[in-house]
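Structural overview
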Amino acid sequence: MKTVGHCYVNMAFLKNWNWIRTGFLLIFLCSFLNPSICQAKDRAPEKPIEVINGVLDLSTFDFNKTDYIELNGYWEFYWNRLLLPGDFSSPPLPPKTGFFFVPQSWVRYDSPDGRFKSSGYATYRLTVLLPEADQTYALNILDMATAYKMWIDGRPVPGNGIVGMSPSKSRPQSFSQNICFKPRTKKCEIIVQVSNFSHIDAGIVRAIKLGQERLIRKHYDITKGIDFFVIGCILSMSVYHFLLFCFRRKEMSHFYFSVICFLISLRNLTIGVTLITQVFPSFSWEILRKIMVLCLYFLPPAFAGFMGSVFPEEFSRRIFKPSVVFSLIYAIPVLFLPTKIFWRFIPSYDLAVMGFGLYVLICLMRAVIRHRNGAGYILFGFTIFLAGVFNEILYSEEIIHTGNLMPLGFLIFILSQAIVLAMQSSQTYDRIENLVCVFEKFVPSHFQDRIAKQGIESIAIGNTEYDTIAVLFCDIRSFTTLSEKMKPGQVLTFLNSFFSAMSPPIHKNHGFIDKFIGDAIMALFDSNGKDLNHSAENAVRAAIEMHRALEKFNAKADASFCPRLDMGIGIHIGRVVIGTVGTSNRMDSTVLGDAVNIASRLESLTKEKNEKIIVSSDIVDLLDRPHEFNFNKRGRALVKGKTEPILIYGVSDKKYGDL
């Protein structure tokens, strides 16, 4: 029992190893999309250097070994005061409110009078001791909440928005930028005025990066390029899946996945480097925040629809409608309320999203346990994406400062979905190929070439083609009497073994079986673009070889105490119509014409004339080498359905003698 259990575990591991290995490959590839990994060298300082009491000592720091350093630490903070560089040029210096940590919203600062309100204005001040003054530095600023002005060494530099002491005198703006400067001395002073009346977070909420100008620009360009790349990939997948849905409306999973990709790509335009404002600098700050939140709110219904379409047995479809209602409850206020109000609802929404994500995770685990197609890949990708969502929530709440990793997590999820889609496409093609092979067993390829020239999907009632073909009819004599002594299952088994013995001689001589009619076989021999004599000769040779195959079949039947069989074969050649008959719900391929009727009647004459094979004179007249066969002229016979008698011949092969 232990051995069996051990083998079962090994087999289960091997079944899942492919998607586990692929998952690690996805992580490895996507890790290169992280800007910090894209650098050629280790760009982070070995020991973190922080601002202490408003001073950052970089006098011994080597900027050639790192792209940038973040100006994190305790800056001088002046609440409800908009100070200028001249206010610090000579004593007495303005009284400080305190030293407070950056990056962090000032609503989290503790002061003797309690925490500060989000609405207000303040001044930050930092002194940086640089290693040298004769080179150009740069600051990389992603965002501040929600408007700022800046001076470096007393000189104004580009800011963002309009700083004011009241809502009417200020204007928020979100625009990431690089600020280049060349300090006069090794001691550099940075003063930042910030005002906020539009958001629940305020102040310097994102880390400011300092480095050499060329390295800061390089880092910024790489970050922006990666953002464009990720957004382009996700948006392309949105268009691709939407087109798949347009061509196949039944596959709702493609529609929902397209919506998911569109929402994620649109949201990514509003965060980080905020690519929208890079293209449209005057884009409304308020509308930007509404787009960001609405994209977030409509993701759960899209995911619910997607999961319900892909794994309907594991994911309850009843969740879709409540998720839509839930999202609308949160989304509608966004349309009518200012950012400062609707932003307060996001934490409660984040909790619901975390619960929903865990439910999806459990459903995917159940799908993997039940061996659903592609469930392992989707579980892996969604796990990475969910980790990115949790990171995004903690990052937005300023609990961690890892950066926005959700787009990268979602890109891995997209790649896992792409793998599943490729697998499904491959499996679909395999199924189609198998179905075509099975279909050819019901409708021979010779028929398909005539009635379905544009492919099997073009088969329709009334598709016809005329041709001159040799028709062979073979029937077991007195089979009704034999079958009465057998059980139904034995009859089918016996017939199938007989048909299996008769089929090779037909195919060997370039014929194909049109249909099995009870215990009879109807085979056709076309010219394949050659002279009709080939069709006639192939049909005669096939008939002779079928009788030789019957002798071998009977020998085996004697050994297994099964009844011996006897059969008659009739052959005629003539013009027929090949086509489809039936209804729109059920159709069949068939061959109709006088040649078919005559061949059937000739087979009926074999017992009466005591011949194994009877052919018409039309067959004999077409043979190039009639001397290779023994023909026994049996005169003219009147076959049923004809008014004029036809000349018939019995056939045997000179090589083997009489049949």
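Values in this document were obtained by computation on a predicted structure and should not be read as measured data. (Residues numbered from 1 in each chain as written. Predicted model: local features only at pLDDT ≥ 70, side-chain atom pairs only at ≥ 80, totals over all residues. Heavy atoms only, no water.)

**Structural notes on the overall build of the protein**
To keep things clear, this is the line we draw: Each helix corresponds to a stretch of at least 4 residues labelled H or I by DSSP, and each strand to a stretch of at least 2 residues labelled E; elements are numbered beginning at the N terminus. The buried label goes to any residue with under 20% of its type's maximum accessible area, the exposed label to any with over 50%, and the partly exposed label to all in between, with areas taken from a 1.4 Å probe on protein chains only. In this description, contact between two residues means that some pair of their heavy atoms is separated by no more than 4.5 Å. Note on areas: Shrake-Rupley with a 1.4 Å probe; residue coverage comes only from the protein chains shown.
When you go through the protein residue by residue, the secondary structure sums to 17 helices and 19 strands. Counting over 659 residues, the protein shows a buried share of 49%. Contacts spanning at least 24 positions in sequence make up 72% of the contacts within the protein whose residues lie at least 6 apart. On the protein, roughly 32,900 Å² of surface is accessible, and the fraction owed to carbon and sulfur atoms is 60%.

**Some words on the pairing of strand β7 (residues 147-152)**
Short version of the rule: One requirement defines pairing of two strands: DSSP has to find at least two bridges between them.
Buried residues dominate β7, accounting for five of its six residues. Strand direction decides the pairing type here: β7 and strand β10 (residues 187-196), joined by six bridges, are antiparallel. Residue pairing for β10: lysine 149 is matched across the bridge by glutamine 193. When β7 meets strand β8 (residues 155-160), the two strands line up antiparallel, connected through four bridges. Residue pairing in the sheet places methionine 150 in a bridge with valine 157 of β8.

**Comments concerning the confidence of the model for the protein**
The test is simple: pLDDT measures the predictor's confidence residue by residue and takes values from 0 up to 100.
Put simply, the protein has an average pLDDT of 83, and 87% of its residues get 70 or more. Element-level pLDDT for the protein is lowest in helix α1 (residues 2-31), with a mean of 41, against a maximum mean of 96 in strand β5 (residues 120-129). Scored below 50 in pLDDT, residues 1-45 makes 53 contacts in the model with residues more than four places away or belonging to other chains.

**Here's the deal with the packing of helix α7 (residues 320-336) against helix α9 (residues 346-369)**
Put simply, the test is: Axis lines are fitted through C-alpha atoms, for helices just across the contact stretch, and the angle between N-to-C directions can take any value from 0 to 180 degrees. Orientation categories follow fixed angle ranges, with anything under 35 degrees roughly parallel, anything over 145 roughly antiparallel, 65 to 115 roughly perpendicular, and all other angles oblique. Left-handed describes a crossing whose near helix is turned anticlockwise from the far helix through less than a right angle; right-handed describes the clockwise counterpart. Under the grouping applied here, Gly and all other residues not named as nonpolar or charged are polar, the nonpolar ones being Ala, Val, Leu, Ile, Met, Phe, Trp, Tyr, Cys and Pro and the charged ones Asp, Glu, Lys and Arg.
α9 packs onto α7 with a crossing angle of 165 degrees between their chain directions and a minimal axis gap of 11 Å. Relative to α9, the element α7 lies roughly antiparallel. In this structure, α7 crosses over α9, and the sense of that crossing is left-handed. In this structure, α7 uses Phe326, Ser327 and Tyr330 to contact α9, whose residues at the interface are Ser348, Tyr349 and Ala352. Residues belonging to the contact of α7 with α9 are distributed by class as follows: four nonpolar, two polar and no charged.

**A look at the nonpolar core**
Stated formally: Throughout, nonpolar core names a set of buried Ala, Val, Leu, Ile, Met, Phe, Trp, Tyr and Cys residues whose side chains join them through atoms within 4.5 Å.
Judged by nonpolar contacts, the single largest core of 57 residues is most densely connected at Phe303, Phe382, Phe385, Phe410 and Phe413. Counting residues per element, this core draws most heavily on α9, which supplies ten residues. By size, the runner-up hydrophobic cluster in this structure holds 42 residues, among which are Cys474, Leu495, Ala543 and Ile544.

**Considerations on the pairing of strand β11 (residues 209-212)**
Where strand β2 (residues 69-70) meets β11, two bridges bridge the pair, whose relative direction is antiparallel. Considered in β11, the bridge of isoleucine 69 is made with leucine 210. In terms of strand pairing, strand β6 (residues 137-141) meets β11 through four bridges, oriented antiparallel. Counterpart to tyrosine 137 in the pairing with β11 is glutamine 212.

**With respect to the environment of leucine 294**
Of note, leucine 294 is situated in helix α5 (residues 285-297). You can call leucine 294 buried: its relative accessible area is 18%. Residues leucine 294 and leucine 328, 34 residues apart in the sequence, show an inter-C-alpha distance of 9.5 Å. Excluding its chain neighbours within four sequence positions, the residues that come into contact with leucine 294 are Ala331, Val334 and Leu335.

**Examining the packing of aromatic side chains**
Stated formally: For Phe, Tyr and Trp, rings pair up if their centres lie within 6.5 Å, where Trp contributes its six-membered ring, and each pair is then called stacked (planes under 30 degrees apart), edge-to-face (over 60) or tilted (otherwise).
Applying the stated criterion across every chain, the model contains 45 aromatic pairs. Look at phenylalanine 306 and phenylalanine 413: their rings are 6.4 Å apart centre to centre, the planes differ by 85 degrees, and that puts the pair in the edge-to-face class. One end of the pair, phenylalanine 306, is in helix α6 (residues 299-310); the other, phenylalanine 413, is in helix α11 (residues 406-442), and 107 residues separate them in sequence. Classification of phenylalanine 306 by relative accessible area gives buried; the value is 0%.

**Some details on the pattern of salt bridges**
Pairing between side chains becomes possible if they bear opposite charge and their charged atoms approach one another. Put simply, the rule is: Each salt bridge in this description consists of a side-chain nitrogen of Lys or Arg and a carboxyl oxygen of Asp or Glu lying within 4 Å of one another.
Scanning the entire structure with this criterion turns up 19 salt bridges. Here glutamate 314 ties to arginine 372 by a salt bridge, and the two come within 2.7 Å at their closest N and O atoms. Taken together, the residues span a long stretch of sequence, with glutamate 314 in the loop between α6 and α7 and arginine 372 in the loop between α9 and α10 (375-396) at a distance of 58 residues. Where aspartate 566 meets lysine 612, a salt bridge forms, and the shortest distance between an N and an O atom there is 2.9 Å. Linking aspartate 566 in the loop between α15 (532-559) and β15 (567-582) with lysine 612 in the loop between α16 (594-608) and β17 (613-616), this pair joins segments that are 46 residues apart in sequence. Under the relative-accessibility criterion, aspartate 566 is labelled partly exposed at 26%. Judged by relative accessible area, lysine 612 falls into the partly exposed class, the value being 23%.

**Some details on the environment of valine 205**
Position of valine 205 among the secondary structure elements: in the loop between β10 and β11. It is 9.5 Å that separates the C-alpha atoms of valine 205 and threonine 146, two residues lying 59 residues apart in sequence.

**Side note on the sheet that holds strand β9 (residues 177-181)**
The four strands are arranged β2-β11-β6-β9 in an open sheet whose pairing can be described as antiparallel. Two strands lie at the open edges of the sheet, namely β2 and β9, each paired on one side alone. Strand contacts of helix α2 (residues 213-247): β6, β9 and β11, with the helix running at about 125 degrees to β11, the strand carrying the most contacts.

**Comments concerning α9**
As a reminder of what qualifies: In this analysis, the expected span of each helix is defined as 1.5 Å times one less than the number of residues it contains.
When the terminal C-alpha atoms of α9 are compared, their 34 Å separation across 24 residues agrees well with the 34 Å that a helix rising 1.5 Å per residue should span. Among the residues of α9, those classed as buried are Ile346, Tyr349, Asp350, Val353, Phe356, Gly357, Val360, Leu361, Cys363, Leu364, Ala367 and Val368. The first or second residue beyond α9 is histidine 371, which carries a positive phi of 60 degrees.

**Some thoughts on a nonpolar patch on the surface**
Counted only if it meets this: Residues enter patches when they are more than 30% accessible in relative terms and free of salt bridges; like-charged ones are connected within 9 Å and nonpolar ones (Val, Leu, Ile, Met, Phe, Trp, Tyr) within 5 Å.
Taken together, the side chains of Leu235, Val239, Phe242, Leu243, Phe247, Met252, Phe255 and Phe262 make up a nonpolar region of the molecular surface, amounting to roughly 760 Å² of accessible area. For the nonpolar patch, the elements supplying multiple residues, two or more each, are α2 and α3 (252-268). It is α2 that provides the largest number of residues to the nonpolar patch, a total of five residues. Overall, phenylalanine 262 belongs to the partly exposed group, its relative accessible area being 42%.

**Some words on the packing of α6 against α7**
Viewed as axis vectors pointing N to C, α6 and α7 meet at an angle of 170 degrees, and their least axial separation amounts to 8 Å. Accordingly, the angle class assigned to the pair α6 and α7 is roughly antiparallel. On α7, the residues that touch Pro300, Pro301, Ala304 and Gly305 of α6 are Phe320, Ser323, Val324 and Ser327. Looking at the contact of α6 with α7 residue by residue, the class counts come to five nonpolar, three polar and no charged.

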